[in-house]
Amino acid sequence: MKFENIKVGDRIVYDTGGWYSERVVSKVVRVTPKQFVDDRDCRFDKINGRKIGNRWHCCELATEEDVKKFEEDKRRRFLAHTFFNFARNSSNLYSLTTEELEAIYAITKKYNRL
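Residues numbered from 1 in each chain as written. Predicted model: local features only at pLDDT ≥ 70, side-chain atom pairs only at ≥ 80, totals over all residues. Heavy atoms only, no water.

(A) Region of interest: helix 3 (residues 98–110). With 13 residues, helix 3 extends 18 Å between its outermost C-alpha atoms, agreeing within 8% with the 18 Å of an ideal straight helix rising 1.5 Å per residue. A positive phi of about 55 degrees marks Asn112, the residue just after helix 3. (Helix = DSSP H or I, 4+ residues; strand = E, 2+ residues; numbered from the N terminus. Expected span 1.5 Å × (residues − 1).)

(B) Representation of the packing of aromatic side chains in the model. A complete count under the given rule lists three aromatic pairs for this structure. Both rings, one in Phe3 and one in Phe36, keep their centres 5.3 Å apart while their planes meet at 45 degrees; by these two values the pair is tilted. Here Phe3 is found in the segment before strand 1 (11–15), whereas its partner Phe36 is found in strand 3 (residues 35–38), with 33 residues between them in sequence. Using a relative accessible area of 2% as the deciding quantity, one classes Phe3 as buried. (Phe/Tyr/Trp six-rings, centres within 6.5 Å; stacked < 30°, edge-to-face > 60°. Buried < 20%, exposed > 50% of the residue type's maximum accessible area, 1.4 Å probe, protein only.)

(C) Geometry of the nonpolar core. Ile6, Ile12, Tyr14, Phe36, Phe44 and Cys59 are the most contacted members of the largest nonpolar core, which totals 14 residues. If you list the elements that add at least two residues to this core, you get strand 1, strand 2 (23–31) and helix 1 (64–88). With residues up to four places along the chain from it excluded, the contact list for Tyr14 reads Glu22, Arg23, Val24, Ser26, Asp38, Arg40, Cys42, Phe44, Cys58 and Cys59. (Core = buried A, V, L, I, M, F, W, Y, C linked by side-chain atoms within 4.5 Å. Contact = heavy atoms within 4.5 Å.)

(D) The side chain of His57, seen in detail. Within the secondary structure, His57 sits in strand 6 (residues 54–58). Classification of His57 as buried rests on a relative accessible area of 19%. There is a polar contact of 2.8 Å between the side chain of His57 and the side chain of Asn54. (Polar contact = N/O pair within 3.5 Å; in protein donor to acceptor, adjacent residues only side chain to side chain.)

Pasting the structure below:
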């Protein structure tokens, strides 16, 4: 059995599936003789790591690299979303200093977005 020694607190990684599928890292919060449950309330089979109710999605034990990448991606999404909401209101942009606008311009010019 692939996950026979899994315990509460272990981290797993899997794809959520669906239209907006994303790779997530979660913690195991409950273990039964045949299954384990993560903090997103998804159940997995201890024999093969397959998600209960969706045999196409499997989990794996998360490595430190998986956790680091997940946290970095989560931070990038937060920053992008925050900037998008800030820039959506033009009065916010006019409140920036010339130096701040120059820094934003340099970034957009670097990626040829203008």
